[in-house]
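# Structural description and commentary
So you can see what is in the structure, the chains are spelled out below.
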Amino acid sequence: MTVNYNAGNMLRNCIRSAADQVGEIIVVDNASSDQSLANLNTQDESQGAVRIIRNPRNLGFAAACNIGAKAAKGSYLLFLNPDCELNPNAIQAMLDVFHEYAEVGMVGGLLIGPDGTEQGGGRRAIPTPWRSFVRAFGLSRFEQRWPKLFFDFYLHKQPLPVHPIEMEAISGACMLVKREAVEDVGLWDEGYFLHCEDLDWCMRFRQRGWKILFAPDARIVHHKGVCGRARPIFVEWHKHKGMMRFYRKFFSHQYPGPLMWLVGAGIGLRFCMLAVYFTGCHIVHRLGLSNG
């Protein structure tokens, strides 16, 4: 299933890449205003190859995923962003992991950009408040000397494993999950609107004893950020809001109150800086158009 919000032609390309690899295709549309749904082959929907669920408004990613999960019928549920394209046999490579390893509840693949290089986020550790601090201030450059202290939670710069390997977290851009595990863990947390809901789910899967594996042979081309380019401040607001919810939900009992306050202040400051940056870029762009 895929959650669509103004993905343009990417939605059609995504569905075409998955059509021969999955048993059913469900598109949950969050009130898109572009031509992404119109670009689909109307016969696909009428013949049952694609089922489209149209939400009257943008409910957010997690809520739309839950709608799709409830509508799906399979024993395995694939959550795939509309800006992703599956390589041939990507799904089979992930399914093989479930068959080969016990207690696996979730499998992710190798996210690569259009240039063929691996993207960050496809395989990662949980970004605890300390790890996020290390990454935000570039302290991961000390990782070789003090690997446990200055650990970068993004793992894409490490050598690519030859075989499937257990991870703390994978990306919500492409997740294949076992329905049995979902019934045990529960659906996505709809308290998140956009971003960090995948980390939340990974945390909850592991808390319930389900393993998360990364399958390097399952390759997915990810045209990252297509759906959010037109509204960067909106995306960043919900990303930072999600980060704060994630930290409070899972780490408030591990960190003293003053430190959590500093974490919150840091998140707020980072958002303000990005908002100023994007606003400035927008003004420059508008001035450039006016002068042109």
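Reading the values: rules and limits
- Residues numbered from 1 in each chain as written.
- Predicted model: local features only at pLDDT ≥ 70, side-chain atom pairs only at ≥ 80, totals over all residues.
- Heavy atoms only, no water.
- Helix = DSSP H or I, 4+ residues; strand = E, 2+ residues; numbered from the N terminus.
- Buried < 20%, exposed > 50% of the residue type's maximum accessible area, 1.4 Å probe, protein only.
- Areas by Shrake-Rupley, 256 points an atom, 1.4 Å probe, with all protein chains shown as cover.
- Salt bridge = Lys/Arg side-chain N within 4 Å of Asp/Glu carboxyl O.
- Pairing = 2+ DSSP bridges.
- Axes fitted to C-alpha atoms, helices over the stretch in contact; angles between N-to-C directions.
- Polar contact = N/O pair within 3.5 Å; in protein donor to acceptor, adjacent residues only side chain to side chain.

### Side note on the overall build of the chain
If you tally the helices and strands in the chain, you get 9 helices and 11 strands. Residue burial in the chain is summarised as follows: out of 292 residues, 48% are buried. For the chain, the exposed area adds up to about 15200 Å²; of that, 55% sits on carbon and sulfur atoms.

### Remarks on the pattern of salt bridges
Applying the stated criterion across every chain, the model contains 7 salt bridges. Residues Asp 189 and Arg 245 are paired through a salt bridge, measuring 3.0 Å at the closest nitrogen-oxygen approach. Taken as a pair, Asp 189 in the loop between helix H6 (179–185) and helix H7 (197–207) and Arg 245 in helix H8 (residues 232–251) lie far apart in primary sequence, 56 residues in all. Look at Asp 189 and you get buried, because its relative accessible area is 13%. Among the residues examined, Arg 245 registers a relative accessible area of 34% and is labelled partly exposed. Several salt bridges converge on common partners, so that one network encompasses Asp 189, Asp 200, Arg 204, Arg 245 and Lys 249.

### Some thoughts on the sheet that holds strand S1 (residues 2–4)
Spatial ordering of the open sheet is given by S1-S2-S3, a layout of 3 strands whose pairing is parallel. Bordering the open sheet on either side are S1 and strand S3 (50–54), each of which pairs with just one other strand. Neighbouring strand axes in the sheet, compared pairwise and without regard to direction, differ in orientation by 25° on average. Note: S1 against strand S2 (residues 25–29), 3 bridges, orientation parallel.

### Quick word on the side chain of Asn 66
Among the structural elements, Asn 66 can be located in helix H3 (residues 61–71). Since its relative accessible area comes to 2%, Asn 66 is described here as buried. A distance of 2.9 Å separates a polar atom in the side chain of Asn 66 from the backbone nitrogen of Trp 188.

### Examining the pairing of strand S4 (residues 76–80)
Among the 5 residues in S4, 4 count as buried, and that is most of the element. Bridging between S4 and strand S10 (residues 174–178) involves 5 bridges; their strand directions are antiparallel. Bridging across to S10, Leu 78 finds its partner in Leu 176.

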